Amino acid sequence: MSLQTQYDPKNIFAKILSGAIPSARVYEDARILSFMDAFPQSKGHTLVIPKVQACNLFDIPADDLRNLIIRTQTIARAVRDALAPDGIRLMQFNGEPAGQTVFHIHFHIIPVWEGENERPHAAGKMADMNELKEIAAQIKAKL
Ligand code: 5GP
């Protein structure tokens, strides 16, 4: 089912939330977690996820969505201030045909530099965790 609303508690972001899988964390509070994408499309590719169990735009409660986008703005500002990209793209996919690969709703914050090619979505070689942690620390310092 592409636009599933049957939340799988074993999805990879649920495991990141529980700490079962390590991540380069940028920010955490009672309602959201932000961490570096392990297959970054550009330097500083950051994810923001709610703690509530929701697959996508269609099953997240409105108040959690409001909080998620407001926190995404705060973290995008810190990405901007830390890395000084030429632009920032937000992405959010719903359903496999639309490009979603992890079925726990999230926003992507993707820094863009003019003339630089982005790497493909959710593909390629996993980034080095120490490098991700270094970038996460730079972003965190601007929060
Ligand atoms: P989606 O395709 O669902 O919009 O985005 C899922 C994102 O999660 C992709 O950009 C992919 O690179 C990222 N991702 C997949 N597995 C992991 C992982 O184990 N750790 C982290 N930090 N990111 C992951």
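Residues numbered from 1 in each chain as written. Predicted model: local features only at pLDDT ≥ 70, side-chain atom pairs only at ≥ 80, totals over all residues. Heavy atoms only, no water.

Student: Which residues make up the sheet that holds strand β3 (residues 46–50), and what values do they have?
Tutor: One open sheet holds the five strands; their spatial order is β1-β2-β3-β5-β4, and the pairing between them is antiparallel. Only two strands of the sheet have a single partner each, and these edge strands are β1 (25–28) and β4 (87–91). Each adjacent strand pair in this sheet contributes to an overall mean axis angle of 15°, direction not counted. Running at roughly 45° to β1, helix α3 (residues 129–140) makes contact with β1, β2 (32–36) and β3 of the sheet. (Pairing = 2+ DSSP bridges. Helix = DSSP H or I, 4+ residues; strand = E, 2+ residues; numbered from the N terminus. Axes fitted to C-alpha atoms, helices over the stretch in contact; angles between N-to-C directions. Contact = heavy atoms within 4.5 Å.)

Student: Tell me about the side chain of serine 42, residues and numbers included.
Tutor: Counting through the fold element by element, serine 42 comes out in the loop between β2 and β3. Using a relative accessible area of 7% as the deciding quantity, one classes serine 42 as buried. Sequence-distant contacts of serine 42, that is, excluding residues within four places in its chain, are made with Ile110, Pro111, Trp113, Glu118 and Arg119. (Buried < 20%, exposed > 50% of the residue type's maximum accessible area, 1.4 Å probe, protein only.)

Student: How would you summarise the layout of surface pockets if you had to cite specific residues and measurements?
Tutor: Taken as a whole, the largest pocket spans an internal volume of roughly 460 Å³. Forming the walls of the largest pocket are 26 residues, and the residues nearest its centre are Phe13, Ile16, Asp37, Ala38 and Phe39. For the lining of the largest pocket, the leading source of residues is helix α1 (residues 12–18), giving three residues. In the lining of the largest pocket, the residues fall into 18 nonpolar, seven polar and one charged. (1 Å grid on protein atoms, 1.4 Å probe; cavity = no way out; pocket = protein on both sides within 12 Å on 5 of 7 lines; lining within 4 Å. Points joined across faces, edges and corners; volume = space filled by probe spheres on them. Nonpolar A, V, L, I, M, F, W, Y, C, P; charged D, E, K, R; others polar.)

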